[in-house]
Amino acid sequence: VGDKLKQWYQRRVRGNLLDPIEKAIKNTLLPALTGLTAVSDSLRDAFALSPKNGGLGISNPAETSDLEYSCSVMINEDLIKAIIANSCELFLPDTDKISKAKLHCKKLKLEREQQKKFNLLNTCGEELGRQVALASEKGASSWLSSLPLKHCGFVLTKQQFQDAIRIRYNIKMEGLSSECACGQQNSIDHALICKLGGYIALRHNHLRDTISSLTSVVCKDVVTEPTLLPLSNEQLPRGTTLSNDARLDISCRGFYSALDKTFLDIRVLHPNSLSNAGKPLDRMYRSHENEKKTKYMHRVREVEKANFTPFVMSTTGGLAPEAASFVKRLS
């Protein structure tokens, strides 16, 4: 309802008349929502993008009103003529024409959004640009568009929501100690990779258990942390794990075809760690997938006679190609 009222207002009020509303959004609403004391122009432009493009979907009404008005005129052209002529007989809705006008308007809005994102990435700086790119990955913004269902654990407190916004755009958190208990300088990036306290293992195990639970709905013989068969002088490529007590994260039967066995090994990476920060996203995911394949794939195929899928996910919610394919098939 709120979005419909916003669009209704923007289609009828144009130009500078909406500047006071945008000023209130930037200086009052966004600081209250995100917990930031001030919102920079670059960050405001990022927030104005849709969630799937790395934003929050809080558009700038002063910038979008002209396009909303033009689209409204285009879609309601026949109705406008009938109102001017003061005749209901002239208004015979042409559904095909209206549908084409709606599709054209949708295309214009998408093009405008992409152009705005392109301009932002070219002017906002490398750090914010990378965060927007990470937030634009498929699935990275699901927590913003999901219904806050309590039984699914989708309800966030005020503090959790504001912390999630700061993590999304890599903004320094208030109250965060300058030094970690491990002795290193503390930051959001360090907090997401520090192994002290067991949070890294907790994050990994939670993802493992979630995938295992979902897989058990459609597959048989789902096992968590299955031990691989011991080796007996098999000749395997260099880099393959040879330990007889080697374990993977999940195994199941019947995922790709009836009765076949599939092994998964999970990794949660942080895109801004020192080993990943300088890499393009596609190459970053590919390198982690290849590392998993080097360690396990040949052993699983040659000894277990099974399939192997490296399930690589980033802390920002993005999935590597093979993990995305697995989730798509699972769904």
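Below, the structure is looked at part by part. (Residues numbered from 1 in each chain as written. Predicted model: local features only at pLDDT ≥ 70, side-chain atom pairs only at ≥ 80, totals over all residues. Heavy atoms only, no water.)

A short note on the pattern of salt bridges
Two side chains with opposite charge may pair up if their charged atoms get near one another. Under the definition given, this model contains 16 salt bridges. Between Glu22 and Arg44 there is a salt bridge whose closest N-O contact spans 2.9 Å. With Glu22 in helix α2 (residues 19-34) and Arg44 in helix α3 (residues 41-48), this residue pair connects regions lying 22 residues apart in the sequence. The shortest N-O distance in the salt bridge between Arg112 and Glu63 comes to 3.7 Å. Here the residue Arg112 occupies a position in helix α6 (residues 95-123), and Glu63 occupies one in helix α4 (residues 61-75), the gap between them amounting to 49 residues. (Salt bridge = Lys/Arg side-chain N within 4 Å of Asp/Glu carboxyl O. Helix = DSSP H or I, 4+ residues; strand = E, 2+ residues; numbered from the N terminus.)

A look at the sheet that holds strand β3 (residues 261-269)
Overall, mixed pairing links the four strands, which are arranged β1-β2-β3-β4 in an open sheet. Of all the strands in the sheet, the pair left with one neighbour each is β1 (220-224) and β4 (307-314). Neighbour-to-neighbour, the strand axes of this sheet turn through a mean angle of 20°, independent of strand direction. Sheet topology places β1 next to strand β2 (residues 250-253); three bridges connect them, and they run antiparallel. Within β2, the position partnered with Thr224 by the bridge is Ile250. In the packing of helix α11 (residues 199-218) onto the sheet, contacts are made with β1, β2, β3 and β4, and the angle to β3 comes to roughly 150°. Along the sheet, helix α12 (residues 281-304) makes contact with β3 and β4, crossing β4 at roughly 160°. (Pairing = 2+ DSSP bridges. Axes fitted to C-alpha atoms, helices over the stretch in contact; angles between N-to-C directions. Contact = heavy atoms within 4.5 Å.)

Points about unusual backbone geometry
Despite not being glycine, Asn170 has its phi angle at roughly 55°, a positive value. Along the polypeptide, Asn170 turns up in the loop between α9 (158-168) and α10 (188-191). A relative accessible area of 17% places Asn170 in the buried class. A positive phi angle is found at Lys305, which is not glycine, with a value near 55°. Topologically, Lys305 is positioned in the loop between α12 and β4. With a relative accessible area of 63%, Lys305 lands in the exposed category. (Buried < 20%, exposed > 50% of the residue type's maximum accessible area, 1.4 Å probe, protein only.)

Considerations on the nonpolar core
Counting residues in hydrophobic clusters, the biggest one holds 17 residues, and the most contacted among them are Leu43, Phe47 and Tyr169. Mapped by element, the contributors of at least two residues to this core are α2, α3 and α7 (126-135). Examining the composition of this core, we find that three residues originate from one element, α3, more than from any other. Look past the residues within four positions of Tyr169 in its chain and what remains in contact with it is Leu43, Ala46, Phe47, Gly54, Gly55, Leu56, Leu128 and Gln131. (Core = buried A, V, L, I, M, F, W, Y, C linked by side-chain atoms within 4.5 Å.)

A word on the packing of aromatic side chains
Following the criterion strictly, the structure yields six aromatic pairs and no others. With a centroid separation of 6.1 Å and an interplanar angle of 50°, the aromatic rings of Tyr296 and Phe308 are classed as tilted. Here Tyr296 is found in helix α12, whereas its partner Phe308 is found in strand β4, with 12 residues between them in sequence. On the basis of relative accessible area, Phe308 is assigned to the buried category, the value being 7%. Ring geometry for Phe311 against Phe326: centres 6.1 Å apart, planes inclined by 90°, an arrangement best described as edge-to-face. One end of the pair, Phe311, is in strand β4; the other, Phe326, is in helix α13 (residues 321-330), with 15 residues separating them in the sequence. Look at Phe311 and you get buried, because its relative accessible area is 3%. Among the aromatic residues, those joined into a ring-pair cluster are Phe255, Tyr256, Phe311 and Phe326. (Phe/Tyr/Trp six-rings, centres within 6.5 Å; stacked < 30°, edge-to-face > 60°.)

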